[in-house]
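Okay, here's what each chain looks like letter by letter:
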Amino acid sequence: MTIILSPLPTQAGTQIFWSCVGIYADVVKLCSPSKRIRRLAEEIARFSRKPSETAVQALTRCMNEATTLAEYEECTIALDQLQGHEKWKAVKESIEPGYNPDVIETQKDMLQKAVASSDLSAMQHILRTGLSRDLGGMNMLRLYKHSWFGTKFLIDDYTNTVLEAIEKFADTTIRYNVPTAEVRFYQESLEDALKYFGRSALTLSGGALLGMKHIGVVKTLWEADLLPEIISGASAGSIVAGIVGSATDERMAEILEYFPNSDLACFDPPGTGRIGWLRQRVSTYARTGAFFEMANLKRVMKSWLGDITFREAHYKTGRIVNICVSSADSAEPRLLNYVTTPDVYIWSAVCASCAVPTVFSPANIYEKDPITKEEKLWMQNAQQTFVDGSLDHDIPMRKLAEMFNVNFFIVSQVNPHVRAFLEPEENFQGKQPMVRLPQRGRLQTAKDLIRHEIIYRAQQMSNLGFPQNLYRLASIFNQQYTGDINILPEVKSSEYLHMLMNPTSEFLIEATTAGERATWPRMCRIKNCVSVELALMRAIHALKDRANFGPEARAARETKRSSSRGRSQRGRSARPAFLRQRSLSTEATPNGEIGLTSTRPIKVRRNVSLSNIPLKSAVSVVVTPRTTPFLSPQVGVDSDMLAEALAMTTPGEEDLMHFSR
């Protein structure tokens, strides 16, 4: 057989081999007396006659088995070329209503001309007035459902042109030594463009153990340099948001690599068996009214975060961490960040956000005392406790929009009760859509009716005066759980049975992979919508550094420093003389002691506006030197410093003449 197959091509040889196997299996099926052997031979014969894998099937299998974004992109692009979807990308027009390619093309051509001529004024005007995340309908979700990877070449070209223009604009401004005043003008222009363009935010939902799939989403965005600076998390999502939002760029890769193998025993101490797990649930519930101790979650989060606060995390990383919590006594949602709660410990906010009713007891929130640096209770006078952040606002869109100008939301959603009611997103199956808009299914219509019925009944109970605890959970159906880009990691049925158990390393690795694979199909749209914003922020920082630390700024600081030497200290009277640098008013005496060098006291005007206000004639003031020791805070002050202080407060002849006028 080897001699026969050796001169033949690989595919032909493989076909001959399986044909021979099928013939042998048929012979065994006819001749064997054993029923089990005949059944096995029949399966082998059926498999041997199975049609060979086509090129499309092979690429689809490779796409589903890809382990990195680069492999996934390579397979999907090959599929688009094989099935002819590249033709749709090359043509400007599409069937979607609201899509206007002419607007996009016109803006692209204007930018290209400005970049080619290095025209700063033209680039500044176009970037400030023409940038939009949805220019000509380019952000439409349907435009990404015509191919396996990417969208119209026109949209990609426009995005790349904008990125090139922003980079060229900042580089030209810095390289050719534009005056500092113009640099500040261009910086403010880009800041205005960013205000109009808006900010993006990554929001991570709750979902107990399923929330660990968020780490795969973050890893994919980080490796592609598309991770937004604003990150929000609720319940289990707050764990990932807190860890990622407090990590510097230098440590991010290490943390993402270490996360699946770390200690995340949030529900029970490490090593708890099944029998111990059940015994602890009964004893904990009988003692606290909740099934799990908050001490385990607190230990895990402190090991990850230490005692870092929201303000410290923002100063350390530049990112904005947002943690959602809910009040235990009312439906009042709160968003904790460096603006609203700067001194609150992030680990404390995470514990409060994960306090699902009956799973954990309501939690207190702690903050760092700004004076003593010790831990104290936040809002101690209010006597409030807090529960799961997903209860009232799983995705805090309104708060983020109001506080940080966020108008684009990337949502990673794993909440099981939410996923059951979400409308399934249109998936591309290799064929071009033939209708202008996707069709809505009957099952989704029925789900919406059920959800609206639950909300309506809860509102009726509220109007009739029922206790809030009876209908509080209905608020989970009256929220917005989706954003502009929705990432829905795959959730297996068996994972629902382990949602309240400590994650194993194997589960965390699978969860990370599931989050990555769910993010890959949406990377092209994320890139087109987020990369411009990040490029604007980098350019703004570059221009700000140029304006603050450039040659002109350094020269101005040196001039100011040199001109201040030996100058009268009239403008520094608000600071006591004994707290100022002694070298400005003293020098060594001939006998080696430090003493006053000026026979005339330094003139001080306590209010520079006095020269514009007519004053009554003042009588001369004689100051008698004090011989008794000064009380606090002057006790123990050196005599020469006290002499200088007295001289600073003694009016001179010029001052007395000025007052007498």
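Since this is a predicted model, take the numbers as computed values, not measurements.

Turning next to the overall build of the protein chain. What the protein chain contains, in helices and strands, is 26 helices and eleven strands. Within the protein chain, the fraction of its 661 residues that count as buried is 42%. A separation threshold of at least 6 residues defines the contact pool for the protein chain, and within that pool the share at least 24 residues apart is 78%.

Here we take up the nonpolar core. Formed by 67 residues in total, the largest nonpolar core has its most connected members in M212, I239, M301 and I526. Residues in contact with I239, not counting those within four places in the same chain, are M212, C266, L297, M301, V350 and C354. Counting 47 residues, the second largest nonpolar core, distinct from the first, contains A66, W148, V532 and M537.

Our next topic: the environment of M397. Within the secondary structure, M397 is located in helix α18 (residues 397–404). Accessibility expressed as a relative area gives 18% for M397, which makes it buried. Along the primary structure M397 and T203 are separated by 194 residues, whereas in three dimensions their C-alpha atoms are 8.8 Å apart.

A negative phi angle characterises most non-glycine residues, just as the trans form characterises most peptide bonds. A positive phi angle, close to 50°, is found at N177, a residue other than glycine. Inspection of the secondary structure puts N177 in the loop between α9 (153–175) and α10 (180–197). In this model, N405 sits at a positive phi of 60°, which is unusual for a non-glycine residue. Inspection of the secondary structure puts N405 in the loop between α18 and β8 (406–412).

Attention now moves to the packing of helix α8 (residues 120–130) against α9. Think of two packed helices as two axes; the pair is described by the angle between the axes and how far apart they sit. Where α8 meets α9, the axes come as close as 10 Å, and the angle between the chain directions of the two elements is 130°. For the element pair α8 / α9, the angle class is oblique. In the packing of α8 onto α9, the handedness of the crossing is left-handed. In this structure, α8 uses L120, M123, Q124, L127 and G130 to contact α9, whose residues at the interface are Y158, A165, I166, K168, F169, T172 and T173. Across the contact of α8 with α9, the residue classes tally to seven nonpolar, four polar and one charged.

This paragraph deals with the packing of aromatic side chains. Enumeration according to the criterion identifies 15 aromatic pairs in this entry. When the ring of W148 is compared with that of F428, the centres are 5.1 Å apart and the planes differ by 80°; the resulting orientation is edge-to-face. A residue pair is termed long-range when its members are at least 10 positions apart, and W148 in the loop between α8 and α9 and F428 in the loop between α19 (416–419) and α20 (442–463) qualify at 280 residues. When sorted by exposure, W148 lands in the same class as F428, which is buried. Centre to centre, the rings of F169 and Y186 are 5.2 Å apart; their planes meet at 75°, and the pair counts as edge-to-face. Here F169, found in helix α9, pairs with Y186, found in helix α10; they are 17 residues apart in sequence, far enough to count as distant. Pairwise contacts between aromatic rings join Y72, F149 and W520 into one cluster.

Turning next to the packing of helix α11 (residues 214–223) against helix α12 (residues 236–245). The interhelical angle for the contact between α11 and α12, taken along N-to-C directions, is 35°, at an axis separation of 9 Å. Every pair of crossing elements has a handedness; the one defined by α11 and α12 is right-handed. Contacts between α11 and α12 involve H214, I215 and V218 from the first element and G237, V240 and V244 from the second. Taken together, the residues of the contact of α11 with α12 sort by class into four nonpolar, two polar and no charged.

When the UniProt feature table is mapped onto this chain numbering, "active site" (unreviewed entry) sits at S235 and D388. Annotated residues spanning 154 residues; largest pairwise C-alpha distance 5.7 Å, indicating a single compact cluster. Each residue touching S235, except ones within four places of it in the same chain, is listed here: G206, S353, C354, V356, D388 and S390. Its place among the elements puts D388 in the loop between β7 (386–387) and α18. A residue is classified by how much of its surface remains accessible, and D388, at 8% relative accessible area, is buried. When neighbours within four sequence positions are excluded, D388 is seen to be in contact with S235, S326, A352, S353, A355, V356 and P357.

Burial runs high along helix α17 (residues 346–353): eight of the eight residues are buried. The set of residues buried in α17 consists of I346, W347, S348, A349, V350, C351, A352 and S353.

All right, on to the side chain of T220 then. Tracing the sequence through the fold places T220 in helix α11. Ignoring any residue separated from it by four or fewer positions in sequence, one finds T220 in contact with E516, T519, W520 and M523.

Before going further, it helps to spend a moment on the environment of N405. Looking at N405, the relative accessible area reads 36%, which means it is partly exposed. Along the sequence, N405 and F197 sit 208 residues apart, while their C-alpha atoms lie 9.3 Å from each other. Ignoring any residue separated from it by four or fewer positions in sequence, one finds N405 in contact with L194, K195, G198, R199 and L400.

Evaluated as defined, the whole model comprises 23 salt bridges. Of the charged contacts, one joins D171 and R175 as a salt bridge, the two residues approaching to 3.2 Å between their closest N and O atoms. In this pair, D171 and R175 both sit in helix α9, four residues apart, roughly one turn of the helix. Assessed through its relative accessible area of 32%, D171 is described here as partly exposed. Overall, the relative accessible area of 56% leaves R175 in the exposed class. Residue K376 is joined to D369 by a salt bridge in which the shortest nitrogen-to-oxygen separation is 3.5 Å. Linked through salt bridges whose partners overlap, the residues forming this network are R133, R199, E229 and E533.

It is worth spelling out empty space enclosed by the protein at this point. Tallied over the entire structure, the rule returns one cavity of 30 Å³ or more. Volume-wise, the largest cavity comes out at about 60 Å³. Taken together, L131, S132, R133, M138, Y158, T159, V162, F197, N528 and V532 make up the full set of residues lining the largest cavity. Looking at the lining of the largest cavity, the elements with two or more residues in it are α9 and α23 (523–549). Sorting elements by how many residues they give to the lining of the largest cavity places α9 first, with three residues. When grouped by side-chain class, the residues that make up the lining of the largest cavity number six nonpolar, three polar and one charged.

What follows is about helix α22 (residues 505–519). End to end, α22 covers 21 Å across 15 residues, agreeing with the expected 21 Å (1.5 Å per residue, within 8%). Here α22 has its buried residues at F507, L508, A511, T512, A514, G515, E516, A518 and T519. Buried positions along α22 lie against α11, β9 (485–487) and α23.

What follows deals with the layout of surface pockets. Left-over empty space is what a probe sized like a water molecule reveals as it rolls over the atoms. In this structure, the largest pocket occupies an estimated 1,000 Å³ of space. Forming the boundary of the largest pocket are 37 residues, of which Y72, N427, R517, P521 and R522 lie nearest the centre. Counting residues per element, the ones that place at least two in the lining of the largest pocket are α4 (55–64), β9, α22 and α23. With five residues, the top contributor of residues to the lining of the largest pocket is α22. When the residues that make up the lining of the largest pocket are grouped by side-chain class, the tally is 17 nonpolar, eight polar and twelve charged.

Criteria and thresholds
Residues numbered from 1 in each chain as written. Predicted model: local features only at pLDDT ≥ 70, side-chain atom pairs only at ≥ 80, totals over all residues. Heavy atoms only, no water. Helix = DSSP H or I, 4+ residues; strand = E, 2+ residues; numbered from the N terminus. Buried < 20%, exposed > 50% of the residue type's maximum accessible area, 1.4 Å probe, protein only. Contact = heavy atoms within 4.5 Å. Core = buried A, V, L, I, M, F, W, Y, C linked by side-chain atoms within 4.5 Å. Axes fitted to C-alpha atoms, helices over the stretch in contact; angles between N-to-C directions. Parallel < 35°, antiparallel > 145°, perpendicular 65-115°, else oblique. Left-handed = near helix turned anticlockwise from the far one by under 90°. Nonpolar A, V, L, I, M, F, W, Y, C, P; charged D, E, K, R; others polar. Phe/Tyr/Trp six-rings, centres within 6.5 Å; stacked < 30°, edge-to-face > 60°. UniProt positions renumbered as here; feature names shortened; annotations may be inferred. Salt bridge = Lys/Arg side-chain N within 4 Å of Asp/Glu carboxyl O. 1 Å grid on protein atoms, 1.4 Å probe; cavity = no way out; pocket = protein on both sides within 12 Å on 5 of 7 lines; lining within 4 Å. Points joined across faces, edges and corners; volume = space filled by probe spheres on them. Expected span 1.5 Å × (residues − 1).

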